[in-house]
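The chain contents come next:
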Amino acid sequence: MSGNHVGNDDVIGGNVSKYIVIPNGYCGQAKKGHLTFDACFESGNLGRVDQVSEFEYDLFIRPDTCNPRFRVWFNFTVENVKESQRVIFNIVNFSKTKSLYRDGMAPMVKSTSRPKWQRLPPKNVYYYRCPDHRKNYVMSFAFCFDREDDIYQFAYCYPYTYTRFQHYLDSLQKRNMDYFFREQLGQSVQQRQLDLLTITRPENLQEGAEKKVVFITGRVHPGETPSSFVCQGIIDFLVSQHPIARVLREYLVFKIAPMLNPDGVYLGNYRCSLMGFDLNRHWLDPSPWVHPTLHGVKQLIIQMYNDPKTSLEFYIDIHAHSTMMNGFMYGNIFEDEERFQRQAIFPKLLCQNAEDFSYTSTSFNRDAVKAGTGRRFLGGLLDHTSYCYTLEVSFYSYIIGGTTAAVPYTEEAYMKLGQNVARTFLDYYRLNPLVEKIAVPVPRLRKEKPPPYKHPFPRGPASNYPNGKGDKKNSLNHKDPSTPF
């Protein structure tokens, strides 16, 4: 390939250092316009740069640490630019062929003088199979630098780093709310915190108190940054003084582990942990030293499941999707038709509350390849009063009912989806009468008309659903009964 080759596409465990791309044969200090690339920062990812011409650069994503299969997330800076300098960047080694770049998605950009992330114009972005790169799919985007002193940053989606997450939790702790509890459930391989949040009124945590628990996890796949924004939206709403939040804290115990893969997040991986494992395929038998964060969460869930005073009612694992629009859910398939129908209630209610959530995109499956996921494993372990979901949200956009135009997600829109997830528990448990006298009416947006449903077993204060927690098995290697033999 013509031009300079800078970087190392076989880097394991981190990004290459800051480097300058200059024309062949040039000697001396780099002048303005000889671009300086850098990904040596938290959640950064760029492995190699080839200069094709004065105006064009091929960029290679660094694979996940210890796993060359995954190359999707990128996050890097460019500086030493000239005013009005026009360039084309080609990201040439995506590990996926399908992509929302086919549907109008564009990379994110910000600069030192404009620190708010924004999407590039879709008209400047091209996604195509390139004969110059062994017919791999390439995403090219044109960009014009307009301020010489700015440092520009480009990313696959809105970054959400481990450090930002820690600062957010620190700010919540400083508010000294008696219904917000933060503890360290464990540590990652690189000794980063696995935080566990509990949001409920203190009386619900007293010894002997009966508890209805909603367990939420996020960021098991580190490059799926929308997961953190949705999770923050849930947390922000639950700790607020909104009348619905106050009622939910009275009735439910929310357990939230917002970042299951802090090492992967810090390193800028897309899917894997430090040691190259997709943690969401190891729920069946997580190792305490190879998958310590997953092991810690699983131990806690089994402990709660075996507590006769605790009813683990929901498990929701939050992800982002790289090829589909909207928010939607994956659920499990059960032989018991009634249990299967009850499982559909929550996503139908969420569809009524959130304009960006699609029930028609929601699906229920038991694919063999998904047997090691949290949703599948816990769906097989927990009893018939518990429901396990994967909540997916698009990396790009949602489509409002009655239109065909894609509405790009913003950080605020992701958080609003989280807020609506939290609000839906009020409808599910039929707690609306408790807030009707004090709540300010909130307009409900319906994106699509969900299928009709009935509550086969009302679940609320007057609930009379079967008690059978059944014979609990305190086994860390409990086989998922829905897995085909």
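These numbers were taken from a predicted model, which means no experiment stands behind them.

Colleague: Would you mind showing me how to read the pattern of salt bridges here?
Modeller: Once their charged atoms are close, side chains differing in charge can pair, the charge on each being opposite to the other. Inspection of the entire model under this criterion finds twelve salt bridges. Linking Asp 50 and Arg 48 is a salt bridge whose minimum nitrogen-to-oxygen distance equals 2.9 Å. Classification of Asp 50 as buried rests on a relative accessible area of 3%. Each of Arg 114, Asp 146 and Asp 150 takes part in a single network of salt bridges with overlapping partners.

Colleague: Teacher, can you tell me more about the packing of aromatic side chains here?
Modeller: Here a ring pair, both rings aromatic, is described through the centre-centre distance and the interplanar angle of the planes. Tallying each qualifying case throughout the model produces 44 aromatic pairs. Arranged with centres 5.8 Å apart and planes meeting at 70°, the rings of Phe 37 and Phe 89 form a pair that is edge-to-face. Taken together, the residues span a long stretch of sequence, with Phe 37 in strand E3 (residues 36-38) and Phe 89 in strand E7 (residues 85-91) at a distance of 52 residues. Given the relative accessible area of 0%, Phe 37 is considered buried. By relative accessible area, Phe 89 is classed as buried at 0%. With a centroid separation of 6.4 Å and 65° between ring planes, the pair formed by Phe 89 and Phe 145 is classed as edge-to-face. Remark: Phe 145 occurs in strand E11 (residues 136-145) and Phe 89 occurs in strand E7; sequence separation between them is 56 residues. You'll find Phe 89 and Phe 145 in the same group, each marked buried. Directly above the aromatic system of Tyr 179 lies the positively charged group of Arg 249, at a separation of 3.7 Å from the ring centroid.

Colleague: What exactly am I supposed to notice about the environment of Ala 245 here?
Modeller: Turning to its location among the elements, Ala 245 is positioned in helix H3 (residues 243-251). Along the primary structure Ala 245 and Ala 422 are separated by 177 residues, whereas in three dimensions their C-alpha atoms are 8.1 Å apart. Setting aside its immediate chain neighbours within four residues, Ala 245 contacts Phe 237, Leu 238 and Ser 240.

Colleague: Would you explain the pairing of strand E18 (residues 327-331) in this entry?
Modeller: In summary, the side chains of a regular strand alternate between the two faces of the sheet. Burial within E18 is extensive, with five of its five residues counted as buried. Side chains of E18 alternate between two faces, with Gly 327, Met 329 and Gly 331 and Phe 328 and Tyr 330 buried alike. When E18 meets strand E20 (residues 387-394), the two strands line up antiparallel, connected through four bridges. Each bridged residue has a counterpart across the sheet, and for Phe 328 the counterpart in E20 is Glu 392. As judged from the two bridges shared by E18 and strand E19 (residues 363-364), these two strands associate in the parallel manner. When the sheet's bridge partners are listed, Gly 331 is paired in E19 with Phe 364.

Parameters at a glance
Residues numbered from 1 in each chain as written. Predicted model: local features only at pLDDT ≥ 70, side-chain atom pairs only at ≥ 80, totals over all residues. Heavy atoms only, no water. Salt bridge = Lys/Arg side-chain N within 4 Å of Asp/Glu carboxyl O. Buried < 20%, exposed > 50% of the residue type's maximum accessible area, 1.4 Å probe, protein only. Phe/Tyr/Trp six-rings, centres within 6.5 Å; stacked < 30°, edge-to-face > 60°. Helix = DSSP H or I, 4+ residues; strand = E, 2+ residues; numbered from the N terminus. Lys NZ or Arg CZ within 6 Å of the ring centre and 35° of its normal. Contact = heavy atoms within 4.5 Å. Pairing = 2+ DSSP bridges.

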